[in-house]
Amino acid sequence: MTSVLLLVGGILLVVILALVYRIFTLVSIAKGSTKKRASTSNKVNAILFPIAFLLGFGAIFWYSGIAQKYFLPEAASAHGSEIDYLFWLTMAIIGFAFFATHVLLFWFPFKYQYKESRSAYFYPHNDKLEIVWTIIPAIVMTILVISGYVVWNDVTSPAPSEALNVEIMGKQFNWEVRYSGNDGELGRHDYKKIDGTNAMGIDFRDPNSIDDFTARDIHLPKGRPVLLNIRARDVLHSVFMPHFRLKMDAVPGMPTKFWFTPTKTTAEMREMLSQEPAWQEINPETGEPRYKNFNYELACTEVCGGGHFAMRKVIIVEEPEEFDKWHNEQESWASKNKDYLSSKGYNVLELALSED
Amino acid sequence: MSTVDIDIHNTTDAHDHHDDHHHNENFFTKYVFSLDHKTIAKQFLITGLLWAFIGGLLSGIFRLQLGFPDADLTWLKPLLGDWIGADGKMDTEFYLAAVTMHGTIMVFFVLTAGLSGTFSNFLIPLQIGARDMASGFLNMLSYWFFFLSSVIMFISLFLETGPASGGWVIYPPLSALPQAMSGSGLGMTMWLVSMTFFIVSSLLGGINYITTVINLRTEGLSFAKLPLTIWAFFLTAVIGVLSFPVLFAAALLLVFDRSFGTSFYLSEIYIGGEALPNVGGSPILYQHLFWFLGHPEVYIVLLPALGITSEIIATNARKPIFGYRAMIGSMLGIAFLSFIVWAHHMFVSGLNPFLGSVFMFLTLIIAVPSAVKAFNYITTLWRGNIIFTPAMLFSIGLVSLFISGGVTGIVLGNSAIDIQLHDTYFVVAHFHLVMGSASFFGMMAGVYHWFPKMFGRMMNEKLGYVHFWMTFIGVYLVFFPMHYIGIAGFPRRYYSFTNFDAFSTFTDLNTFISIAAIITLTAQLIFAFNFFFSIFKGKLAPLNPWKSSTLEWTTPRLPGHGNWTGAIPKVYRWPYDYSKPGAKDDFIAQNVPYSETPESNLPMEQELAKFEKEDSDEVKKVNE
Ligand code: HEM
Ligand SMILES: [Cu+2]
Ligand SMILES: [Cu+2]
């Protein structure tokens, strides 16, 4: 039934278009406009350009004002503010270029629309102009490259040696997180050791593994450098922490790194957001203002299969003391999985001994 | 002749469509396995347009999911079958399959084959004054390899396990391991086979274009007198010939990894409950190889559009293109630089940070020749006498999209900023404007402009205007808002955003985009109608409807095999003598000698005119 309706509708549409087509043709013949170089349509099209310009830029200015409140809050990492600054600086420059070129691009069609009485100006080239508008963009680009280079160098510099080691491993379709424990060293891993229990393939032949622990949420201390050791065990994933302006692919067989310093605790961020109208809106699901349940989040940004869009993890940034308290309360993976380890032939007693 | 033609009093010359046919042609050699570049061009065009509708339909489907995440999609079941679950929800892997196929189809089948295939084929011989391509046979093969590739890709859409789904870039290991997603099974195999044929088609085409431009230019047509269209097609072909083989290599290694147990891209993988034996490979290697084609590919789709636009803007502004040499120079610059910026797609892939800064530097350099091009277009409009044909409108639209999409490339090319924006909707906004929409506009402009030469009839202008304004406003309404969504951090290739607090905003905007997309897509039906209806019922085209100066308009209304009935015209001047002071008309065709236009010659051209005289005197003597 629906398909019959669709078919009839389609045929009707074609018939209507055919009629419109005929009418357009006949009218233009009747008016004799086919003989003229440019008809009324030329004027209509010409005037539509400035109109489109005004409406278009009006809409951009209007909506940019509205959209801001849904942008990410102020960066929560040290390098994040630098990236934001660079971003908005570049946006200002290209915004200006976009606007200025469009003023001309949408004004000229109107101004120089066809007139019988006029003829176009034969102006094939002007080398001075070409040089000017080659050099100006070149200078602007140089400035942007240099400032980008400074920030990039800063972000990708080696992590300080006292940085907290955290391991993040992507898999279909969630993240596993491991902390290095009191020794500050992550134990080795081996993908052949992975199974249903030992999801990260922690290798317990390495003594550094013994005090390592895993966690559900990612806890981070404010103000201390954190080194993320990133890997994947099946396909590509990508660690994206939008609030920290941080992204790095997780690659099977090739560990990657990213280090940064969180600058705002989750509580401070909630406090800050409570001042913003958009965050005071009530979330219909919880019945509370949105800022109350604000959380830093980790998302996957490299397509990894059907569950790609759901690889979420919560990040909790705390004051260093709170973090240390949490850290010391955690039980090591080894002590939680004694039975598993002994079934794999490890001497559990020995492992436990070397823990202190 | 049908009745429509009777009431049309246009001048068409009467002697053109009877005598110049080879009567030994049958239906097959004329329309199917044709060796004629014009027929092959039309084959590419129509196949490309059909693909455009399939690619558009797919985007409509996944935009429904994004715009209306809670909607019941049961009504799509007749089309999508089990991809819509019993609860009326779209399958998450199908979403990725649709995105992947949409990207593949649009980039390769529509904007590479549909654009270069059509216009390089159609215009190169006509604008350089050649009777056909250097090798008609290779040219025919080029189309039929494309056809074969199309058939395979099309069939893969209907596989039970779905077509390839890992994104149009098909990064391994996802694309290498059928365990990772169902689309990486047979669908991926067919993708690889199809793309292999596609690459063969592109190479055959490209080699032919290059050879033809170098060898078959008519007398007098030096490279410094070539229309910018030909320059653009020529450089595009060079880029393609140099970069497609690298994609072929990448695909071949992927085939080995998939089927023969090699480890080019695979290392230390645990999936589906087992540890795979592969060690030592690198997924990053694939990314390097892919983007070595992938980045030049965006210029493969863009340069022909820019070439077409240069031609159309000059013709309809009735002015020479401003800075002809600067235009060629910037195209050469872009073509060269396009090979050494690929790693800007890999800033956060784990690439060495030092390499990242080198690629940032090289990437931002590309902005300079691109800016020069934009300024030159705008200056060409300045003090013109502009006629708004639909082709002209699409060309001006292209310049706007080229700028608005291009400037955000400066943001993304900055490695520090790209940390945040990589793989977000900001990227989707950027490349849809600069590559997707701009090239698509170039293609539309080309169709409207050269339709009279292709089919001997005119398309309806009014419908063209409606089509332009709906499409122009439409693409901005669809793609501009994606910048906001991208700044807010929304990742691309996401089936839904409801899982994250950070991405739970902008739901209204996403609905708005989807509605705008569906309207814009529907507006393309106006074009489809206009195109197919005009082939049969359009009014007969005059010989030179746009009063253009290039050689194709010196052919008969519907050029037969061999293009010109008599001798091939000789070229004396550059293609942009529009509104030359002193000239009788507001254009002088390329085949008009300077000696016939003393009233408008510049001093140097007056000298050339003398030589022309001597030359032709000599020829006369020899003939006697
Ligand atoms: C009205 C027309 C179009 C609409 C509404 C549209 C929409 C979209 C959207 C929303 C995505 C991102 C989906 C996601 O990441 O989940 C996408 C991806 C893409 N589109 Fe389009 N698009 C259109 C036309 C085009 C054109 C003309 C091109 C030609 C270059 C194109 C090329 C691509 C590519 C390459 C991708 C990336 C696919 C991938 O991520 O693997 N699109 N499109
Ligand atoms: Cu993912
Ligand atoms: Cu690129």
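Notes on the structure follow. Remember, it's a predicted structure, so these values are computed and weren't measured experimentally.

**Some words on the site of ligand 1**
All names here are of chain B. Around ligand 1, the surrounding shell holds 25 residues, and the nearest of these are Y95, H102, W168, H432 and R493. Within the side chain of Y95, a nitrogen or oxygen atom sits 2.5 Å from an oxygen atom of ligand 1. Within the contact set of ligand 1, a nitrogen atom lies 2.8 Å away from a side-chain nitrogen or oxygen of H102. Among the elements that take part in the shell around ligand 1, helix α4 (residues 92-128) stands out by supplying seven residues, more than any other.

**As for the interface of chain A and chain B**
If you look at the interface, chain A gives 111 residues, while chain B gives 130 residues. A buried area of about 10500 Å², summed over both sides, lies between chain A and chain B, and 71% of it is on carbon and sulfur atoms. Contact with chain B buries surface across chain A, with Y21, W152 and F309 of chain A losing the most and accounting together for 8% of the total. Where chain A packs against chain B, one counts two salt bridges. A salt bridge links R312 of chain A to D501 of chain B; its shortest N-O distance comes to 3.4 Å. Where chain A meets chain B, there are 30 residue pairs in polar contact (both at pLDDT 80 or more). Counting only elements with at least two residues in the side of chain A that touches chain B, the list comes to α1 (2-30), α2 (40-67), α3 (78-111), α4 (127-156), β7 (246-250), β8 (256-260) and β11 (296-300) of chain A. A class-by-class count of the residues in the side of chain A that touches chain B yields 69 nonpolar, 26 polar and 16 charged.

**A word on the coordination of the copper ion (ligand 3)**
For a metal bound by four donors in tetrahedral geometry, the ideal donor-metal-donor angle is 109.5 degrees, whereas six donors in octahedral geometry ideally sit at 90 or 180 degrees. Residues and elements named next belong to chain B. Within the protein, the copper ion (ligand 3) binds to H295 (ND1), H344 (NE2) and H345 (NE2); these donor distances fall in the range 1.6 to 2.0 Å. Along the chain, the residues donating to the copper ion (ligand 3) fall in the pattern H-x48-H-H. Of the two residues, H295 is situated in helix α8 (residues 283-317) and H345 in the loop between α9 (324-337) and α10 (353-381); the sequence distance between them amounts to 50 residues. Judged by relative accessible area, which is 6%, H295 ranks as buried.

**Brief notes about the sheet that holds strand β6 (residues 237-241) of chain A**
Think of a sheet as strands paired side by side through backbone hydrogen bonds, with each pair either parallel or antiparallel. Residue and element names in this part refer to chain A. With respect to topology, five strands assemble into an open sheet ordered β4-β12-β11-β6-β7, the strand pairing being mixed. Because the sheet does not close on itself, it has two edges, and the strands there are β4 (218-221) and β7. Adjacent strand axes in the sheet meet at a mean angle of 25 degrees, parallel and antiparallel pairs treated alike. Here β6 runs beside β11; their pairing, made up of two bridges, is antiparallel. Across the sheet, the residue bridging to V239 is C300, located in β11. Contacts from helix α7 (residues 320-329) reach β4 and β12 (313-318), with the element oriented near 135 degrees to β4.

**Brief notes about the coordination of the iron atom of ligand 1**
All names here are of chain B. The coordination sphere of the iron atom of ligand 1, as far as protein atoms go, consists of H102 (NE2) and H432 (NE2), spread over 1.9 to 2.0 Å. Of note is the iron atom of ligand 1, whose six donor atoms meet at the metal with angles of 86 to 178 degrees in an arrangement that counts as octahedral. Highlighted residues: H102 in helix α4 and H432 in helix α13 (residues 425-455), separated in sequence by 330 residues. On the basis of relative accessible area, H432 is assigned to the buried category, the value being 16%.

About the thresholds
- Residues numbered from 1 in each chain as written.
- Chains lettered and ligands numbered in written order.
- Predicted model: local features only at pLDDT ≥ 70, side-chain atom pairs only at ≥ 80, totals over all residues.
- Heavy atoms only, no water.
- Near = heavy atom within 4 Å.
- Polar contact = N/O pair within 3.5 Å; in protein donor to acceptor, adjacent residues only side chain to side chain.
- Helix = DSSP H or I, 4+ residues; strand = E, 2+ residues; numbered from the N terminus.
- Contact = heavy atoms within 4.5 Å.
- Buried area = accessible area lost by both parts, 1.4 Å probe.
- Salt bridge = Lys/Arg side-chain N within 4 Å of Asp/Glu carboxyl O.
- Nonpolar A, V, L, I, M, F, W, Y, C, P; charged D, E, K, R; others polar.
- Donors = N, O, S within 2.8 Å, 3.2 Å for Na, K, Ca; no water.
- Buried < 20%, exposed > 50% of the residue type's maximum accessible area, 1.4 Å probe, protein only.
- Pairing = 2+ DSSP bridges.
- Axes fitted to C-alpha atoms, helices over the stretch in contact; angles between N-to-C directions.
- Tetrahedral: all angles 85-135°; square planar, octahedral: opposite > 155°, others 65-115°.

Shape is all these values report; function is a separate question.
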